[in-house]
Amino acid sequence: MSAFKLKIIDRLFVFELSKMLASVMLVLSVILISQRLVRYLSKVSSGELSADAVLSLVGFNMVLLLIKLLPAALLVSILLVLGKMYRDNEMAALFSAGVGLSRVYRSVFLFVTPLFVVSIYLSLVTMPWGLQQIEMIKSNDQSSLDIRGITDGRFNEYSQGDLVFYVEEITDDDKMLNVFIQNRQHGKLGITASKSGEIKIDEKTGDRFIILNDGNRYEGVPGQADYKVTKFKEYGVVVAERSDVKVAFDTKELSSGDLITLSSPRAVSELQKRLSIPIALITFALLAVPISRVSPRAGMYGNLLTTLLIYLVYENFMSLSHSWIVKGQISSWVGVWWVHLLVLIVALVMLVRMLGVKYVKSMLVARS
């Protein structure tokens with residue numbers, strides 16, 4: 001009978017934590033990915049990014065954000081679930097039934113342990129893979145053959161200044177009217193003017209052209225009168241040629257296996273940054289249980305503010321540690337581990353404050 005009751009308690013905590021974690025992750029990811037989406041759309045409007053690449057970039061950024069948000073979301077989830085149980089007197093009922101704090105920890109870690117195992121793979125394997133995919137998408141997009149950000153009534157510059165053209169008007173069906181182009185052909189600077197034009201793709205080579213209709217091309221040297229004038233019915237200007245792009249990955253995009261073989265401070269910092277995600281799940285779970293205790297008549301906002309303050313201090317100390325590692329100011333053996341140790345000390349202090357020094361001493365004496 002008791003075993004059945006224990007199983008019910010575990011299911012209660014795991015179910016409530018799962019629901020809360022999913023909700024917190026959804027809210028945080030929507031907020032952050034919306035900001036990233038706005039940034040990408042502004043680049044699309046300015047021609048720095050193609051619309052086709054936005055969806056892929058948002059998808060990979062969503063995966064990376066979910067991985068990075070796991071520790072913070074877990075901390076908030078445990079705080080909200082246990083805080084609600086304290087306010088509804090459910091925790092008081094459990095304690096009266098003989099369920100101690102160690103039993104609560106056991107139920108919490110039944111939920112955290114699988115999450116810890118999954119996060120190891122996500123942070124060490126999935127995260128660098130996602131960063132590599134983002135860099136490849138950006139590089140391919142930069143070297144893509146689309147002409148982006150074409151605006152009528154404005155001079156548009158491409159191919160590092162070798163191609164400049166002006167379009168007076170762009171119709172609803174993407175036809176360009178009264179086109180002016182300045183480009184080099186066979187080493188000679190030329191100016192081309194036509195009544196209309198459009199962008200076409202060579203399906204075999206993948207090259208893109210501006211096809212002009214009914215116009216003139218002028219070639220010559222500025223300041224001299226011997227200009228060559230050519231009339232044409234159709235004239236094609238190569239915008240860009242397809243080429244295979246080789247992406248050079250930075251340290252943060254390297255696989256974890258490659259980082260282990262490197263001894264540079266930046267590689268050590270990046271590897272410890274990835275390992276900090278699963279470790280933070282354990283330390284935050286230990287911290288969240290005592291910090292979630294509230295009086296039934298008290299609100300939960302005080303605990304949320306305390307949690308936010310602790311998390312901000314944690315993030316600042318992590319950023320400082322990574323900066324110190326890169327600059328060589330601290331040893332890689334110290335690294336970021338002291339920050340996790342500090343969180344453990346804070347959790348222990350809160351447990352002692354929650355249970356009392358005599359109770360903790362009696363537990364240590366009984367175990368010894």
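Keep in mind the model is a prediction, meaning the values are calculated, not measured. (Residues numbered from 1 in each chain as written. Predicted model: local features only at pLDDT ≥ 70, side-chain atom pairs only at ≥ 80, totals over all residues. Heavy atoms only, no water.)

Colleague: Break down the packing of helix α6 (residues 265-291) against helix α8 (residues 337-355) for me, with residues and values.
Modeller: Packing of α6 against α8 leaves a shortest axis separation of 9 Å and a crossing angle of 10°. In terms of their interaxial angle, α6 and α8 are classed as roughly parallel. Residue-level contacts link Q272, L275, S276, I279, A280, T283, F284, L286, L287, P290 and I291 of α6 to W337, H340, V343, L344, V346, A347, M350, L351 and M354 of α8. The residue makeup of the contact of α6 with α8, split by class, is 16 nonpolar, 4 polar and no charged. (Axes fitted to C-alpha atoms, helices over the stretch in contact; angles between N-to-C directions. Helix = DSSP H or I, 4+ residues; strand = E, 2+ residues; numbered from the N terminus. Parallel < 35°, antiparallel > 145°, perpendicular 65-115°, else oblique. Contact = heavy atoms within 4.5 Å. Nonpolar A, V, L, I, M, F, W, Y, C, P; charged D, E, K, R; others polar.)

Colleague: Describe the packing of helix α2 (residues 51-87) against α6, naming the residues involved and giving the relevant values.
Modeller: Running from amino to carboxyl end, α2 crosses α6 at an angle of 15°, the nearest separation of the two axes being 9 Å. One finds that α2 runs roughly parallel with respect to α6. For the element pair α2 and α6, the recorded crossing hand is right-handed. Touching I67, K68, L70, P71, A72, L74, L75, I78, L79 and L82 of α2 are I277, A280, L281, F284, A285, A288, V289 and I291, all from α6. (Left-handed = near helix turned anticlockwise from the far one by under 90°.)

Colleague: Provide a residue-level description of a negative patch on the surface, including the pertinent values.
Modeller: A cluster of acidic residues, D152, E168, E169, D172, D173 and D174, forms a negative patch on the protein surface. Inspection of the secondary structure assignment puts E169 in strand β2 (residues 163-170). (Patch = residues over 30% accessible without salt bridge, like charges linked within 9 Å, V, L, I, M, F, W, Y side chains within 5 Å. Areas by Shrake-Rupley, 256 points an atom, 1.4 Å probe, with all protein chains shown as cover. Salt bridge = Lys/Arg side-chain N within 4 Å of Asp/Glu carboxyl O. Lys, Arg positive; Asp, Glu negative; His and termini not counted. Charge placed at Lys NZ, Arg CZ, Asp CG, Glu CD.)

Colleague: Go over the nonpolar core, please, and point to the residues and values.
Modeller: One recurring pattern in soluble globular proteins: nonpolar side chains tend to sit buried together. Ranked by internal contacts, the top residues of the largest apolar core, which has 46 residues, are F13, I78, L82, M91, V104, V108 and V112. By residue number, the principal contributor to this core is α2, which donates 11 residues. Apart from residues no more than four positions distant in its own chain, V112 is found in contact with L74, L281, I282 and A285. Y40, A53, V58 and L65 belong to the second-largest nonpolar core, a separate cluster that totals 16 residues. (Core = buried A, V, L, I, M, F, W, Y, C linked by side-chain atoms within 4.5 Å. Buried < 20%, exposed > 50% of the residue type's maximum accessible area, 1.4 Å probe, protein only.)

In short, geometric facts, not functional conclusions.
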